[in-house]
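# Summary of structural features
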Amino acid sequence: APEPIEAKLGMVPRAVLMVAASAASDFTTKIRAMQLFDDFILPKSMALGARAAGLVYLYSALDEEGKNGFVEVMRRRQICQGILTDHLALLKEERAREAKSKNKDHRASSAGGDDHGSALRESYGRLYKACPPKDGKLAIIKKLGECKDRKVFKLLTMLADPLTPYKDLLEARDEVHRKVPGGSKTALGYFTKDLARVCCMGFAGPQMLTTIIKVAEKAAE
């Protein structure tokens, strides 16, 4: 990356990452820091190669504390993706149980229901901890499972999968909050937007990772 970038950004990337990674920052502040990093420091309008090169350059310019902050943000992203993956699987099982109960004897279909219900309640708690709604109400997260538009779950699955291609990841991030009931300006819309932000931090994916490796190898030559 050219020197003017360093002169222009200075210590901004480090400061933003430290805010996003700090346990002292509230969740809203962390989300805003992530948005600054993903939308302004390394905006999505940049070509994949340019963004990968910028990320390698910025990381190499960080001090040890800044690098630890970056690693912490990526760790939280990975954890949130895992929690969301598990939660979506439980919601899918829940829908299958409901469909089965309509066609068969309820007592037969409810076998193991207590265990499933317990697992789902615990999953809501983990998702709340990873991405608390702005109003602090767990009921908002529960509304996610009531969405009738299956496109919502398809987009969330893409966000939760670390192997989702770069382009698809960006599209899912920018679209999912518009697909929930009521749209992006509802409490559920804001929640899914924040959830997508956490799961999409850094715009990774296999293509991005491969490009970063190539950039790093070339820089080391």
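Since the structure is predicted, the reported quantities are computational estimates derived from the model, not experimental observations. Per-chain numbering applies: the sequence of each chain, read as written, is numbered from 1 onward. Where totals are concerned, whole chains, interfaces and linings use all residues; where local detail is concerned, this predicted model gives features only for residues with pLDDT of at least 70, and gives and counts side-chain atom pairs only at 80 or more. Side-chain metrics rest on all non-hydrogen atoms present in the structure, leaving aside hydrogens and water.

## Comments concerning the packing of helix α2 (residues 12-21) against helix α3 (residues 27-41)
Our working definition: Axis angles are defined between N-to-C directions and span 0 to 180 degrees, where every axis is a line fitted to C-alpha atoms and, for a helix, only to the segment in contact. Secondary structure follows DSSP: runs of H or I at least 4 residues long count as helices, runs of E at least 2 residues long count as strands, and numbering of each begins at the N terminus. Here a crossing is taken to be left-handed if its near helix is turned anticlockwise relative to the far helix by less than a right angle, and right-handed if that turn runs clockwise. Should any heavy atoms of two residues lie within 4.5 Å, those residues are considered in contact. All amino acids are sorted into three groups, where Ala, Val, Leu, Ile, Met, Phe, Trp, Tyr, Cys and Pro are nonpolar, Asp, Glu, Lys and Arg are charged, and the leftover types, Gly among them, are polar.
Running from N to C, α2 and α3 cross one another at 145°; their axes reach a closest spacing of 8 Å. The two elements α2 and α3 cross, and the hand of that crossing is left-handed. Where α2 approaches α3, its residues Val12, Pro13, Val16, Leu17, Val19 and Ala20 are matched on the opposing element by Thr29, Lys30, Ala33, Met34, Leu36, Phe37 and Ile41. Split by residue class, the contact of α2 with α3 holds 11 nonpolar, 1 polar and 1 charged.

## Description of the environment of Tyr128
The condition that has to hold: Residue burial is assigned from relative accessible area. The probe radius is 1.4 Å, only protein chains are included, and a residue is buried under 20% of its type maximum, exposed over 50%, and partly exposed in between. Any pair of nitrogen or oxygen atoms within 3.5 Å is treated as a polar contact; in protein, a donor-acceptor pairing is required on top of that, and neighbouring residues in sequence qualify only through side-chain atoms on both sides.
Within the element layout of this structure, Tyr128 appears in helix α7 (residues 113-130). Overall, the relative accessible area of 27% leaves Tyr128 in the partly exposed class. Sequence separation between Tyr128 and Ile141 is 13 residues, and the spatial gap between their C-alpha atoms is 7.4 Å. Among the polar contacts made by the side chain of Tyr128, one reaches the main-chain carbonyl oxygen of Gly136 at a distance of 2.9 Å.

## Focus: helix α10 (residues 166-179)
Here is the rule: Multiplying 1.5 Å by the residue count of a helix minus one yields the expected span of that helix. Two axes define the bend at a residue: one fitted to the seven residues ending there, one fitted to the seven starting there, and the bend is the angle between them.
In this model α10 runs 20 Å from its N-terminal to its C-terminal C-alpha over 14 residues, within 8% of the 20 Å that 1.5 Å per residue would give. Helix geometry: α10 is bent most strongly at Arg173, by close to 30°. Every buried residue of α10 is accounted for by Tyr166, Leu169, Leu170, Ala172, Arg173, Asp174, Val176 and His177.

## Thoughts on the pattern of salt bridges
Just so we agree on the cut-off: A carboxyl oxygen of Asp or Glu within 4 Å of a side-chain nitrogen of Lys or Arg is what we treat as a salt bridge.
Inspection of every chain in the model, using the stated rule, returns 13 salt bridges. Residue Arg51 is joined to Asp38 by a salt bridge in which the shortest nitrogen-to-oxygen separation is 3.2 Å. With Arg51 in helix α4 (residues 48-61) and Asp38 in helix α3, this pair connects stretches of sequence that are 13 residues apart. Neither residue differs from the other here; Arg51 and Asp38 are each classed as buried. Arg76 is the salt-bridge partner of Glu72, the closest N and O atoms lying 2.9 Å from each other. Taken together, the positions of Glu72 and Arg76, both in helix α5 (residues 64-103) and 4 residues apart, correspond to about one turn of that helix.

## A few points about the packing of helix α9 (residues 150-160) against α10
As a packed pair, α9 and α10 sit with axes 9 Å apart at the nearest point and diverge in direction by 140°. The chirality of how α9 crosses α10 is left-handed. Seen from α9, the contacting residues are Lys151, Val152, Leu155, Leu156, Met158 and Leu159; seen from α10, they are Asp168, Leu169, Ala172, Arg173, Glu175, Val176 and Lys179. For the contact of α9 with α10, the class distribution of residues is 8 nonpolar, no polar and 5 charged.

## Let's talk about the nonpolar core
As a reminder, the rule being used: By convention a nonpolar core is built from buried Ala, Val, Leu, Ile, Met, Phe, Trp, Tyr and Cys residues, the set being connected through side-chain atoms within 4.5 Å.
In this structure, Phe37, Leu156, Leu159, Phe191 and Leu195 are the most contacted members of the largest nonpolar core, which totals 54 residues. Ranked by residue count, the leading element in this core is α5, at 8 residues.

## Topic: α2
The condition is simple: Our arc is simply the arc of the directions from the helix axis toward the C-beta atoms.
Regarding α2, the residues found buried are Pro13, Arg14, Val16, Leu17, Ala20 and Ala21. Seen along its axis, α2 keeps its buried residues to an arc of 165°; they face one direction.

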